[in-house]
Amino acid sequence: MDLHKILKYLAYALGIIGAIFALLIMTGSDGMIDNILYVTYVVLFVVIALILIYVVKGIFTGNIKKTLMTVGLFLAVILISYLISSGTDLDLKQFNDKGLGITESISKNVGAGLYAFYFLSFLAIGATLLSSIKKIFNK
């Protein structure tokens, strides 16, 4: 049995378990919320583990130079986003009055994440449009 079939059956099983827990929550069982969180943690762990396995497998079977350049460019985007964000854009007093404990460091990290998201989204949309335009003109 190959890995694809195993993962497919695992996905089906987790989907059925999740549906059962969702139905139990909808019927009013408040204690089931903890169980659905445990299922969520398990699914998150499985997904992260599979991603790491396939990334390591892809690095050793594919073009290592191209992979490392892609990872380096992604880290460069994250670094530039962090350097661009200031962390002083907001008045943090209103958040801290509510007891949230937001600091300038947290605000800077959130800003960096937003800038990285915007930049990577712009790149993805641009790449999609460029690919579509190339397809139209090559026909």
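Residues numbered from 1 in each chain as written. Predicted model: local features only at pLDDT ≥ 70, side-chain atom pairs only at ≥ 80, totals over all residues. Heavy atoms only, no water.

Caption draft 1: Structural view of the overall build of the protein chain. What the protein chain contains, in helices and strands, is five helices and zero strands. Each helix (α) and strand (β) of the protein chain, taken in turn from the N terminus, gives the series α-α-α-α-α. For the protein chain, whose C-alpha radius of gyration is 22 Å, the value lies well above the compact-globule estimate of 14 Å for 139 residues. The principal-axis extent of the C-alpha atoms belonging to the protein chain is close to 55 × 50 × 35 Å. Burial status across the protein chain gives 10% buried among its 139 residues. Taking the intrachain contacts of the protein chain between residues at least 6 apart in sequence as the baseline, contacts between residues at least 24 apart amount to 43%. For the protein chain, the exposed surface amounts to about 11,200 Å²; the carbon and sulfur share of it is 73%. Here the protein chain holds 11 positive side-chain charges and 7 negative ones, and the gap between their average locations is 24 Å. (Helix = DSSP H or I, 4+ residues; strand = E, 2+ residues; numbered from the N terminus. Rg over C-alpha atoms; globule rule 2.2 N^0.38 Å. Buried < 20%, exposed > 50% of the residue type's maximum accessible area, 1.4 Å probe, protein only. Contact = heavy atoms within 4.5 Å. Areas by Shrake-Rupley, 256 points an atom, 1.4 Å probe, with all protein chains shown as cover. Lys, Arg positive; Asp, Glu negative; His and termini not counted. Charge placed at Lys NZ, Arg CZ, Asp CG, Glu CD.)

Caption draft 2: Geometry of the domain arrangement of the protein chain. Split by domain assignment, the protein chain resolves into domain 1 (1-62) and domain 2 (64-138). A C-alpha centroid distance of 27 Å is found between domain 1 and domain 2. (Domains from an automatic or database assignment.)

Caption draft 3: How the structure looks around the packing of aromatic side chains. As enumerated under the stated definition, the model contains one aromatic pair in all. Here the guanidinium or amino end of Lys-8 rests over the ring plane of Tyr-9, the centre of that ring lying 5.9 Å away. When the ring centre of Tyr-82 is taken as reference, the NZ or CZ atom of Lys-108 above it lies at 4.7 Å. (Phe/Tyr/Trp six-rings, centres within 6.5 Å; stacked < 30°, edge-to-face > 60°. Lys NZ or Arg CZ within 6 Å of the ring centre and 35° of its normal.)

Caption draft 4: Expanded view of the layout of surface pockets. Roughly 200 Å³ of volume is contained in the largest pocket. Lining the largest pocket are 16 residues, with Leu-90, Ser-107, Val-110, Gly-111 and Leu-114 sitting closest to its centre. With eight residues, helix α5 (residues 104-138) is the largest single contributor of residues to the lining of the largest pocket. (1 Å grid on protein atoms, 1.4 Å probe; cavity = no way out; pocket = protein on both sides within 12 Å on 5 of 7 lines; lining within 4 Å. Points joined across faces, edges and corners; volume = space filled by probe spheres on them.)

Caption draft 5: Expanded view of the UniProt feature "transmembrane region" (unreviewed entry) in the protein chain. As annotated in UniProt, the feature "transmembrane region" (unreviewed entry) corresponds to residues 9-29, 35-56, 68-85 and 115-133 in the numbering used here. Between the C-alpha atoms that bound residues 68-85 there is a distance of 26 Å. The span itself is 94% helix and 0% strand. Within the segment residues 115-133, helix and strand shares are 100% and 0% respectively, and the terminal C-alpha atoms sit 27 Å apart. (UniProt positions renumbered as here; feature names shortened; annotations may be inferred.)

Caption draft 6: Focus on the confidence of the model for the protein chain. Residues at a pLDDT of 70 or more form 94% of the protein chain, whose mean pLDDT is 82. The weakest mean pLDDT in the protein chain belongs to helix α4 (residues 93-97) at 75; the strongest belongs to α5 at 92. (pLDDT = per-residue confidence, 0-100.)

Caption draft 7: Focus on α5. Taking 1.5 Å of rise per residue, the 35 residues of α5 would be expected to cover 51 Å, and the 50 Å separating its terminal C-alpha atoms lies within 8% of that figure. Ser-107, Gly-111, Ala-112 and Ala-116 are the residues of α5 that are buried. Looking at the buried side of α5, the elements it contacts are α3 (64-84). (Expected span 1.5 Å × (residues − 1).)

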